[in-house]
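Each chain, letter by letter, is given below.
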There are 4 protein chains.
Amino acid sequence: MESTGPQGNPDRPHTGRRRNEATHQAILDAALRLLGESGGANITIDAIARAAGVGKQTVYRWWPSKGAVLLEALTERSLREVPMPDSGSLRDDLLAVVESTFLSTQRNPTGPALRSLVREAARDPHLAELLRTFTAQRRTAVRELLARGLKRGDLPAGADLDLMVDQFYGVFWYRFLLGHAPLDKQSAERLTDSILRAE
Amino acid sequence: MESTGPQGNPDRPHTGRRRNEATHQAILDAALRLLGESGGANITIDAIARAAGVGKQTVYRWWPSKGAVLLEALTERSLREVPMPDSGSLRDDLLAVVESTFLSTQRNPTGPALRSLVREAARDPHLAELLRTFTAQRRTAVRELLARGLKRGDLPAGADLDLMVDQFYGVFWYRFLLGHAPLDKQSAERLTDSILRAE
Amino acid sequence: MESTGPQGNPDRPHTGRRRNEATHQAILDAALRLLGESGGANITIDAIARAAGVGKQTVYRWWPSKGAVLLEALTERSLREVPMPDSGSLRDDLLAVVESTFLSTQRNPTGPALRSLVREAARDPHLAELLRTFTAQRRTAVRELLARGLKRGDLPAGADLDLMVDQFYGVFWYRFLLGHAPLDKQSAERLTDSILRAE
Amino acid sequence: MESTGPQGNPDRPHTGRRRNEATHQAILDAALRLLGESGGANITIDAIARAAGVGKQTVYRWWPSKGAVLLEALTERSLREVPMPDSGSLRDDLLAVVESTFLSTQRNPTGPALRSLVREAARDPHLAELLRTFTAQRRTAVRELLARGLKRGDLPAGADLDLMVDQFYGVFWYRFLLGHAPLDKQSAERLTDSILRAE
DNA sequence: ATTTAATCGAGACGGTACGTCATGTCTTCGG
DNA sequence: CCGAAGACATGACGTACCGTCTCGATTAAAT
């Protein structure tokens, strides 16, 4: 999720000019802005570099692929917004996650940017892998939320937590990417109750 | 879903050489083969044409976009395999659909080809639209299956059929594309029961 | 000296769209214009293509290197102007060649273009080879001019024709590229007489 | 021709570390080695710095351009070898210069290095100017050699000394750079006699 | 049988983006 | 201050595909 540029030889402290953090941020800012603005259009490295007032090489130096830039841009800024609550009530916790996940896509630039990100991942194996890691983290977090509920007895003993997690994220992504059904408060509530009722 | 080439002037019966069906099939064959073989690599129109021993223009003459070729190739061959049964038992019907959908991805070249198709759809708006239509048809079919169950009283009156459909296809695509969980008989059964229990 | 694009299989007459001659000429025109205008600045393939209203690939399709374009542009247009006369008088013939060679560099865009060409040849081995061939042809032509004089008895029997040729072209290029001495009518006459007197 | 780095404030004796002569030499050595070894390939500042075990900035601190390094490298080592004799015999003197000039190109790394130098000069205006100055010095030296002969009456009164000089260096560079004729003892003698005979 | 027109394989064309390379300037740190 | 290491903005490079277009040859219905 983080830019992973050149690693100096650990034996030698470091030599040469250090990474310019302002440049780093300018690139992420530009990437996020373009992700949000691009109405489906492709985002080119050239465009990011130009928008950031940066040379292309500087982008390539620090990120292995265009997708890695986009993903870091998104996670740094927009995807922090999903909390992982622990209120004591399973339904409240799950609903909070589902609802904030659903509603985060309504905001700019998160929604369009996320869509662009998935589009990029489709042709960038590197980004695909990063995205896989990112979603796995989310699944794990929700699974733990459910596990707490199971421990408290809010779920039947044999509940298939993985399936519950996938029902949440499956419906989310399916609807988000196809856009055939809304991702609003009401549908969040319905989905939450459906998942809890199923087990 | 079908190739929709030039339409002659309806006032005039027809003149000129007719479409070569062998060529048509050769293109679809080549497209499907490449879809299945491409381990993530991009599929170019050039490559399809060359593999089919055909000029690029011949492809463009009959399909509006690369994606249309790929989608027709897939639907002609591989995606026929999902039945829409009507046995009288809601669970049996739904399970049959879920199971055949899950298992169809285990076969070659359906699985890899479907993955490639989605990848292509991510950057081809035309194909994305076709894929949206295709998935809508599937959703409608499954919804009708559920509606029959509702009518028979196998589901509670207020059941949210659309959500049930999306839980099925959401989980399916989510797992299919990320590959973090199996799509086998057992998971089909669990998903089916979970969906039916939820309402 | 000529663009040597793809050669079709000689067994097969030809297939596919033919080379667009207008495009061909547009590229040569643009190249010559840029050669003449560039006051020492580098000429890029991009610039030639843009000036010709042509895609870069079209340039690369027909010429193996940037230099080949430039050389063909020059030879097609400017370097034709040096005649190889045969008047019966050795001095008249040689003087005509020396003078027209000297004066051709005073014209636009020949002079600047020729200088740019040599500059490009210094870093483009391909062009260097082409230039070597071009100069060899010129040397051969002048050598034959001198050989005719030798046959007529206008030169002593043991005259070193190759040295005479090199004295001409050596002085020409040396002065042309360094620019420390003029290349005018008077210096042409002096050089001619000096060469003839030497043998 | 000499490295002309920062000039300390003359009011103050000197402060800080002095220029490291070993580094200076290492850069010149590396430059000369690369000049000789590069079979036509470009020489980059990076390459010189790396070969000398030196930072790029150290090179830029002491020389205004890549060409200046190369020229200093060559003049420090290889180009000293051409003497400007004064034996009293015009032919002997001129022959000595011509011969030593010709033969110096047979040695390593002088020949290849000189060729590389000219190649670099073609795209480095700075080096081109330095080279112009260098060649002008050579021309002046030879011209003075000839002027002595003229004074002694070894040449006719109206002899065009500049032309004679250019015939020497013109033939030399022309043959050296094109490589179509040898630069050996015999051709040195022929050229010398031809030049002297011409006036 | 001739005309007419659409098909076919082949491939040239104007574009856009790619990822790499070299340039010359700048910054950082240890000596 | 000096020297190494290396980040930085710039801009050209040659390649890959895109979707359109043009070619000559082929094929088949309409005349």
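Rules used in this analysis
Residues numbered from 1 in each chain as written. Chains lettered and ligands numbered in written order. Predicted model: local features only at pLDDT ≥ 70, side-chain atom pairs only at ≥ 80, totals over all residues. Heavy atoms only, no water. Core = buried A, V, L, I, M, F, W, Y, C linked by side-chain atoms within 4.5 Å. Buried < 20%, exposed > 50% of the residue type's maximum accessible area, 1.4 Å probe, protein only. Helix = DSSP H or I, 4+ residues; strand = E, 2+ residues; numbered from the N terminus. Contact = heavy atoms within 4.5 Å. Near = heavy atom within 4 Å. Polar contact = N/O pair within 3.5 Å; in protein donor to acceptor, adjacent residues only side chain to side chain. Buried area = accessible area lost by both parts, 1.4 Å probe. Salt bridge = Lys/Arg side-chain N within 4 Å of Asp/Glu carboxyl O. Nonpolar A, V, L, I, M, F, W, Y, C, P; charged D, E, K, R; others polar. Least-squares fit on C-alpha atoms with pLDDT ≥ 70 in both.

Peer 1: Can you lay out the nonpolar core for me, pointing to particular residues and giving the numbers?
Peer 2: In globular proteins that are soluble, nonpolar side chains generally tend to be buried together. Residue and element names in this part refer to chain C. Membership of the largest hydrophobic core comes to 59 residues, with the highest contact counts inside it found for L146 and F168. Top contributing element to this core by residue count: helix α8 (residues 161-178), with 9 residues. Setting aside its immediate chain neighbours within four residues, F168 contacts V97, V98, T101, F102, V142, L191 and I195.

Peer 1: Describe the protein's contact with DNA strand E, naming the residues involved and giving the relevant values.
Peer 2: What surrounds DNA strand E is a group of 50 residues, the closest being R18(A), Q57(A), Y60(A), G16(C) and W62(C). In DNA strand E, atoms within 4 Å of the protein come from the sugar-phosphate backbone in 62% of cases. W62(C) is positioned such that a nitrogen or oxygen atom in its side chain is 2.4 Å from a phosphate oxygen of DNA strand E. The backbone of I45(D) places a nitrogen or oxygen atom 3.4 Å from a phosphate oxygen of DNA strand E. Of all the elements in the fold, those that place two or more residues in the surface near DNA strand E are α2 (45-52) and α3 (56-62) of chain A, α3 (56-62) of chain B, α3 (56-62) of chain C together with α2 (45-52) and α3 (56-62) of chain D.

Peer 1: An account of the interface of chain B and chain A is requested, with residue identities and associated values reported.
Peer 2: Accessible area lost when the parts come together is the quantity often used to give the size of an interface. Across the boundary between the two partners, chain B contributes 29 residues, which contact 28 residues of chain A. Looking only at chain B, the three residues that lose the most surface to chain A are L163(B), D166(B) and Y174(B), adding up to 21% of its buried area. At the junction of chain B with chain A, the criterion picks out 4 salt bridges. Residue R190(B) pairs with D160(A) through a salt bridge whose shortest N-O separation is 2.6 Å. Among the secondary structure elements, those contributing two or more residues to the side of chain B that touches chain A are α7 (125-152), α8 (161-178) and α9 (185-198) of chain B. Element by element, the count of residues in the side of chain B that touches chain A is highest for α8(B), at 12 residues. Split by residue class, the side of chain B that touches chain A holds 12 nonpolar, 6 polar and 11 charged.

Peer 1: Give me the relation of the copies chain B and chain A: which residues, what numbers.
Peer 2: Mapping chain B onto chain A leaves a residual RMSD of 0.4 Å; the transformation is a rotation of 179° accompanied by 0.0 Å of translation along its axis. Both copies of the chain, as the preceding transformation shows, are related through a two-fold rotation axis.

Peer 1: Talk me through the interface of chain C and chain D; I want residue IDs and the actual numbers.
Peer 2: Facing the 28 residues of chain C at the interface are 29 residues of chain D. Summing both partners gives a buried area of about 2,600 Å² for chain C against chain D, and 53% of it is carried by carbon and sulfur. In terms of surface lost to chain D, no three residues of chain C exceed L163(C), D166(C) and Y174(C), which account for 22% of the buried area on that side. Joining chain C to chain D, the criterion identifies 4 salt bridges. There are 12 residue pairs in polar contact (both at pLDDT 80 or more) connecting chain C and chain D. Of all the secondary-structure elements, those providing two or more residues to the side of chain C that touches chain D are α7 (125-152), α8 and α9 (185-198) of chain C. The class makeup of the residues in the side of chain C that touches chain D is 12 nonpolar, 5 polar and 11 charged.

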